[in-house]
Amino acid sequence: MSRYEVAADVTGSVWKIVTQVGDELGAGDTVMILESMKMEIPVIAEDGGTVVELLVAEGESVSEGQTVAILDE
Amino acid sequence: MQRVLVANRGAVAARIIRCLDTLGLESVAVYSDADADAPYLEAATTAVRIGAGPPTESYLDHDAVIAALKSSGADGLHPGYGFLAESAPFARKVIDTGAVWIGPSPDWVELMGHKTRAREFAARHGIPVGAGSAVLRPDGPEAMHAAAERIGYPLLVKPAGGGGGIGMLAVSAPSELMDVVERASAIAARGFGDGEVYLERLLERPRHIEFQILADRHGHAVHLFERDCSVQRRHQKIIEEAPAPGISRDRLDPLADRLVDVFAGAGYDSIGTVESLFGSSGEVTFLEMNTRLQVEHGVTEEITGVDLVAGQIRLATGERLGSVLDRPIERCGHAIEARVYAEDPIRFFPSPGPLDVFRPPEGIRVETGYREGQTVTPFYDPLLAKVIAHAPDRSAAIGQLTQALEGFAVEGVRTNIPALVKILRSEAFTVGRIDTGLATDVVAPERTVR
């Protein structure tokens, strides 16, 4: 069991969360989609794993580098 | 018309306010909380707050903009580009207040805003249109597959009500078709209110060539040549130029003349741009018509010496084309525009933040709505500035633009300037071997592997 944090690549807002706590993700799967400057930017689970915690809600503002989810490999 | 409300923000708001001043007209700027310290607000005769930062609460809010129009005493409205510029319902609301809508008749906005109806219009008037389908409901897989077979693969799935490349997805084989249709339809439903899509033949690595039209309300129209806007990232233009390099005038001019005949004949009555794709094997296809001022209008202004914004405003008040254009339109030299975006130069991700340093180059045309110390917020598109070079020939214009971009100091946000310079210096660009795949080819080798 090794937990890792998934961070936002951009400053913007959370447009859509496409996973739930407990979901099993493959490497490269999308956890949620951010919106910034009219663009949709996916937040990717680089190594895959189980979604342990989602730290933001749809519509919420996020900053670049902010942890938005925790996964467990 | 005495006083014009500018229903937009950023570089285009600054440009229109400056133009109104030269025409001796008063200007009303509008702003959201996110733009309260924008420099062009001071240049306007007066400025009105219309709401909070998110576009739906300010620049896209019909009621807020109409209320500002009425309270400010403006008797004209310029929509700029983006936001409400291509909303026929909004145009009708403006006209209902008794103010001048500085754009084409709402019926034209409506017709050209619906992409398949616009294609039908083009085809009916002898403008070349590539293979495509009518609007299809995403829940009809049999009709969808039949249409796709008729058009042939690869093809594009496009939202019927959309534009700007948003929600446009490629399909290379029948097995992928319905999956992609479902995704495109979901994006269309969210972004444009309906889930309707259509299919179109995908030209691989075409050139994006568009024609500038100017028409009055008395049945006259002219063209102001073409712009080549092939250099794009994520279907969005980043470098535009005129004239289009390396294409014979024998292919460009007859098409431009044909467009003038069609739109004058059909009663088009404002500024407009017809976008087309030129395929590598000589095929030309109508893409869409934008019934508004275009972001890259400055390129055409530079080579023709015509102030397109002033022309658009004067034509909206009923002036005749003959009095707005005091001489025949001619081309002079070569112009290239680069769009400077607040975004990561390699991955093209947005990069909002404070403009700790923002010093545009001098001695060259720069269109911007920002100044040093202002914050670039995540609410709007990432355009910081347009830098436009005009020189006697293309290579001189490339040199001028490259040098200007290298002297453009920006700190606090990342910009795409390194990517722009790399493209301008690339062999493919300098020899004029350009197509819509060029930007990715030149920039992608540096892309970090994720």
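Just so you know, these numbers come straight off a predicted model, no measurement behind them.

Enquirer: Explain the interface of chain B and chain A here, please?
Expert: In many analyses, interface size is given as the accessible surface area lost on bringing the parts together. At the interface, 19 residues of chain B touch 15 residues of chain A. Roughly 1,400 Å² is buried in total at the junction of chain B and chain A, and carbon and sulfur atoms are behind 61% of that figure. In this assembly, chain B and chain A are joined by 2 salt bridges. One salt bridge connects Glu 64 of chain A with Arg 414 of chain B, and the closest N-O pair in it is separated by 2.6 Å.

Enquirer: Explain the pattern of salt bridges to me, please; I cannot follow it from the model alone.
Expert: Between side chains of opposite charge, pairing is possible as soon as their charged atoms come close. Residue and element names in this part refer to chain B. Taken as a whole and judged by the stated rule, the model has 36 salt bridges over all chains. A salt bridge links Glu 42 to Arg 371, with the nearest nitrogen and oxygen atoms 3.0 Å apart. On the criterion of sequence distance, the pair formed by Glu 42 in helix H2 (residues 40-43) and Arg 371 in the loop between strand S17 (365-368) and strand S18 (375-376) is long-range, its members being 329 residues apart. Taking the relative accessible area as the measure of exposure, Arg 371 reaches 30% and is therefore partly exposed.

Enquirer: For this particular structure, what's the right way to read the nonpolar core?
Expert: Inside soluble globular proteins, nonpolar side chains tend to come together where they are buried. All names here are of chain B. Formed by 99 residues in total, the largest nonpolar core has its most connected members in Leu 5, Leu 77, Leu 384, Val 387, Leu 405, Ile 423 and Phe 429. The element that contributes the greatest number of residues to this core is helix H1 (residues 10-22), accounting for 8 residues. When sequence neighbours within four positions are dropped, the list of residues in contact with Leu 405 reads Ala 338, Val 340, Val 387, Ile 417, Leu 420, Val 421 and Leu 424. Membership of the second largest hydrophobic core comes to 27 residues, among which are Ala 215, Ile 247, Leu 252 and Phe 263.

Enquirer: Even after reading the chapter, I still don't get the pairing of strand S11 (residues 236-242) of chain B, so can you show me in this structure?
Expert: The side chains of a regular strand alternate between both faces of the sheet. Residue and element names in this part refer to chain B. Of all 7 residues in S11, 6 are buried, a share of seventy percent or more. Summarising the sheet, strand S10 (residues 221-233) and S11 pair through 4 bridges and their orientation is antiparallel. Each residue of the ladder has a partner; that of Arg 233, found in S11, is Gln 236.

Enquirer: Which parts of the structure should I look at to understand the environment of Asp 326 of chain B?
Expert: Residue and element names in this part refer to chain B. Here Asp 326 shows up in the loop between helix H12 (321-324) and strand S14 (334-341). Note on Asp 326: relative accessible area 70%, which makes it exposed. Between the C-alpha atoms of Asp 326 and Val 306, which are 20 residues apart in sequence, the distance is 9.7 Å.

Enquirer: Is there a simple way to explain the packing of aromatic side chains in this structure?
Expert: Any aromatic ring pair is given by two values, namely how distant the centres are and how the planes are angled relative to each other. Residue and element names in this part refer to chain B. Inspection of the entire model under this criterion finds 11 aromatic pairs over all chains. On the basis of an interplanar angle of 80° and a centroid distance of 6.3 Å, the ring pair of Phe 83 and Tyr 380 is categorised as edge-to-face. Taken together, the positions of Phe 83 in the loop between strand S4 (76-78) and helix H4 (88-96) and Tyr 380 in the loop between S18 and strand S19 (383-391) put the pair 297 residues apart, joining distant regions of the chain. Over the ring of Tyr 341 we find Arg 233; its NZ or CZ atom is 4.6 Å from the centre of that ring. For the cation-ring pair, Arg 394 lies above Phe 429, with the distance from its terminal atom to the ring centre recorded as 4.5 Å.

Enquirer: How should I be thinking about unusual backbone geometry in this particular structure?
Expert: Trans peptide bonds make up most of the peptide bonds, and negative phi angles are found at most residues other than glycine. Residues and elements named next belong to chain B. In the segment running from Tyr 153 into Pro 154, the intervening peptide bond is cis, with an omega of -5°. Mapping Pro 154 onto the fold places it in the loop between helix H7 (141-151) and strand S6 (155-159). With an omega dihedral of -5°, the bond running from Ala 242 to Pro 243 counts as a cis peptide bond. Relative to the assigned elements, Pro 243 resides in the loop between S11 and helix H9 (249-266). If you check the backbone angles, Phe 83 has positive phi at about 45° while not being a glycine. Of note in the backbone geometry, Phe 225 takes a positive phi value of approximately 65° without being a glycine. Residue placement: Phe 225 occurs in strand S10. When its relative accessible area of 11% is taken as the criterion, Phe 225 is described as buried.

The rules behind each value
Residues numbered from 1 in each chain as written. Chains lettered and ligands numbered in written order. Predicted model: local features only at pLDDT ≥ 70, side-chain atom pairs only at ≥ 80, totals over all residues. Heavy atoms only, no water. Contact = heavy atoms within 4.5 Å. Buried area = accessible area lost by both parts, 1.4 Å probe. Salt bridge = Lys/Arg side-chain N within 4 Å of Asp/Glu carboxyl O. Helix = DSSP H or I, 4+ residues; strand = E, 2+ residues; numbered from the N terminus. Buried < 20%, exposed > 50% of the residue type's maximum accessible area, 1.4 Å probe, protein only. Core = buried A, V, L, I, M, F, W, Y, C linked by side-chain atoms within 4.5 Å. Pairing = 2+ DSSP bridges. Phe/Tyr/Trp six-rings, centres within 6.5 Å; stacked < 30°, edge-to-face > 60°. Lys NZ or Arg CZ within 6 Å of the ring centre and 35° of its normal.

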